[in-house]
Amino acid sequence: MTRGLSRIMLVILTILGSAALPALLGSPAQAQPTGSAEDTSMPQFLKLSLDSVSPGTVTAQSEPVLTVAGTVTNIGDRGVDEVAVRVQRARPVSDPSELRTALKLDQVNYELPTPFQDVAVRLEPGQRQQFTMSVPLRDASGTSLNITEPGVYPLLLNVNGTPDYGGQARLDDARFLLPVLGLPAAADGSAPPLPAPAAPPVQTTLLWPLADRPRMVAGQTGDLDREVELTDDELAASVSRGGRLDELVGALESVFGDDRAADGPSSAVCLAIDPDLLLTVQAMTSDYRVLASPSDPDGATRPGSGTESAKAWLDRLRNLASSMCTVALPFAQVDIAALAAAADPALTARALDAPATIVDSILNTRSVRGVSLPDSSSLDQGAAQLLKNQGFGTAVLAANAVAPEGGAGDPYASVPDLVRLPGVPGAVPPPAPAPESGDTPDAVPAGDTADDAAQPDPGTPAQTPAGAAPAQPGGGGSSTADPALRVATFDIWPAAALAGVGSNPPTPAYVPEAARYAVTNDSRTARLQDALGAVSWRALQTDPGRPRSQLIVPPQQWGANRDEAAALLRQLDLLVENKLVDPRPFDDLVGQAPDPVPYQLAPLPEAAAEAVPVHFATPARDQSHRISQLLQAMVEVPEAAPTPRAYLDPLRDDLVRALSLSDRRGGPTAQAEVFAARRIEKATSTVDEIFRSVSVLPPGGVYTLASESSPLLLVARNDLPVSVRIRFRIDAPAETKITDIGEQLLPPRGTRSFQIPTEVSDSRKLVVPISLSTPEGVPLGYATSISVRSNAYGQILAIITACAAALLFLLAGRRLWRRFHGKRDPADKGIDPGLRQRVVRLGRARRRGRGSSGPQVSEAAREARRRTARGRERV
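Residues numbered from 1 in each chain as written. Predicted model: local features only at pLDDT ≥ 70, side-chain atom pairs only at ≥ 80, totals over all residues. Heavy atoms only, no water.

**Observations concerning the packing of aromatic side chains**
So, point 1. Applying the stated criterion to the full structure yields four aromatic pairs.
So, point 2. Taking the centre distance of 5.2 Å and the plane angle of 85 degrees together, the rings of Trp-208 and Trp-558 count as edge-to-face. One end of the pair, Trp-208, is in strand β9 (residues 202–210); the other, Trp-558, is in the loop between β21 (549–552) and α14 (562–577), with 350 residues separating them in the sequence. Exposure class is identical for Trp-208 and Trp-558. Each is buried.
So, point 3. Between the aromatic rings of Phe-728 and Phe-754, the centroid separation amounts to 5.1 Å while the plane-to-plane angle is 70 degrees, which identifies the pairing as edge-to-face. Taken as a pair, Phe-728 in strand β28 (residues 723–730) and Phe-754 in strand β31 (residues 750–756) lie far apart in primary sequence, 26 residues in all.
So, point 4. Looking at Arg-100, its charged tip hangs above the ring of Tyr-517, at a distance of 4.8 Å from the centre. (Phe/Tyr/Trp six-rings, centres within 6.5 Å; stacked < 30°, edge-to-face > 60°. Helix = DSSP H or I, 4+ residues; strand = E, 2+ residues; numbered from the N terminus. Buried < 20%, exposed > 50% of the residue type's maximum accessible area, 1.4 Å probe, protein only. Lys NZ or Arg CZ within 6 Å of the ring centre and 35° of its normal.)

**Topic: the confidence of the model for the chain**
So, point 1. Residues of the chain with pLDDT of at least 70 account for 81%, and the chain-wide mean is 84.
So, point 2. Between residues 1–32, whose pLDDT stays under 50, and residues either more than four places distant or in other chains, the model counts 26 contacts.
So, point 3. Counting interchain partners and residues more than four positions distant, the pLDDT-below-50 stretch residues 428–442 has three contacts. (pLDDT = per-residue confidence, 0-100. Contact = heavy atoms within 4.5 Å.)

**Details of the sheet that holds strand β6 (residues 128–136)**
So, point 1. Strand order in the open sheet made by the three strands is β1-β2-β6, with antiparallel pairing throughout. Each of the sheet's edge strands pairs with one partner strand only, and the pair in question is β1 (46–54) and β6. Within the sheet, the average angular offset between the axes of one strand and its neighbour, ignoring direction, is 25 degrees.
So, point 2. Direction of pairing for β1 relative to strand β2 (residues 65–74): antiparallel, over a ladder of eight bridges. Following the sheet pairing, Ser-49 is matched in β2 by Thr-71. (Pairing = 2+ DSSP bridges. Axes fitted to C-alpha atoms, helices over the stretch in contact; angles between N-to-C directions.)

Here it is as structure tokens:
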């Protein structure tokens, strides 16, 4: 029995062991590559990184071989033997969507392989091995890439190896695009050179974005005696040598130099500049400070280090802008849909109309007007209507953000360069009021219309420099009189490829779900190759039915370095040199006639998911309205600084930055939510403090009036650096009558006394509530009250006094009348004459006694006294 049970257990163990052993030995063979197309959830053993490709673009003058350099790193937990790499080629890209989707194809679709080349005999965990391999572009041996005609070719670099405890498998790959403008002669001489295809050149326009995330600390005003504070000093590094913004400007300088002819390759490039970036960099040209901890906006600060770099970068940018096209981006990459939800004219004007004026004034140039470039590359109906109402004639959107009327957005459909949206009609602006005749006053109210809000004030160097011209609708004038909004569309596939260039590449909202993958799995070299191929693809198509124009738009916060950006500019130059591309200025694009087919908006779902939450729009609108009320009460005095607008514009800028799309791309938005809430909170706190800075001083104690018509003396204080118009709000009791003295002016940072005409009909102590307001009735400061007591008589006391005076006058008149008629007054009757004589004698005796005890007097004096006494006795 026991022996039989043992045999059964042995059989079971044998079966289980035979089932488990293949799994243990074979699991590494199923390891998945980490390239563009593959799932990274399986075990990974090797990481293949593409380091360089030469030539990056093949022309008839190139070398006949393709040289690829890379690095293989063992990222697993076991050694790998027999490491080898090879290059595989897929068919050329025939549709623009394949510029993205071809990089997701399985390796079996790269049907033309070249032989493997050994890289390492063995790689232990953590080891890496660099390699360089060369393959012919074409020859007769069958070991080449067999490229026979111009085009854009997807290539796959495949690495194989044998992990410990496993079999040989493909352990990783790297995919990239190779643009072929022409072909050199075959390496073995079997084929002659092949020039670029003879086709009409493609009209090409390239936007060159210069933008950054908002970095101003919230809650700052435009006071001249303050130093600007930034959240960090990363912008100083960005504009310094080797920084992102420095290298984007440097790439333009290195490729175009001083030769920026009107018909040269540089004419196709238009600088798209964020005005918030310019304001921040300009503020850095003076002393500034940065937070010691960006998470603590009220904490300690330290001096900034980028003053000299900021000055140099601005000077270089001014030099470029003097001979290149420029266009202003919306302020701080604001979400235009959130602006539409806020529905505040002054906030909208600052975010959309002011940017063109800011860019022009700081760079001393004239930017393209009437064109808006939303950061989301998509608009909903409210946002589009807002742009048209502001005077913008054209918006630059992704091609799949619009669709023919009655249709839906199709990322794979071809869309004309410029289309009309009849569903977004223009609004007729109200006529401007005629100016009044007369002399210009020395001090005028600052006001706050939408146009006023769009005009940056020249009074503060931290905001806008001197010489800023008044803003006009649409950032300075509409480019077209078309009543419908126009849309200049850009091809999403080259744009997506350019978005992948550089550090921290995002996946834009316009990329369809089927074409999305983690571009960070590819090396920067591979992503640059993808961009070069995407930029070149349309120029290499000879099909007469395809469009022969393109607008190329990188993301606004583009992360390309100098080498990558210069490579793209040289690619454009190379296409022009090979007569495949004609440079087209940006203003020529937006000024051309639109396609006659009517289109409609097709908002992108991904853009809506990344939008600013609507709950930020309401507080932004409320605080902007309060800023407008303050601006209306302030007075602009000629040659006085800061002006009201320069003082308050930074607070409105904070509200616009709270509606920014920055930091909301392709990841958690919790940090962006915190920053937006903090900006609104700090701006609200500062506005509250400004309202409290204008107040009436409490007198302290009881205020006593000298008479019933004495004026009430009040003192008002203004702690702001600008003059303010005020009115007194006095709730007079029934016993008083206080005259309204009307609108008054308080000087900056000073006090002023006011005499308020007052009539008090009561001598009791009265309590009079007093406060200040703007001329429009908006309360200022804290309300106070004063206790008033008047020395004036009351009404009853005045009657009694008048009666007593009349009686006194009557009695005195009767006495005089009797005396004149020799009659004794009845009031003197009843006095005994003998008593009268005794009283007189007693008085005379006392006077004589005082005279004898005193100094000697003359006889004449005594005689005079006697006569006086006798006279009194007779009386």
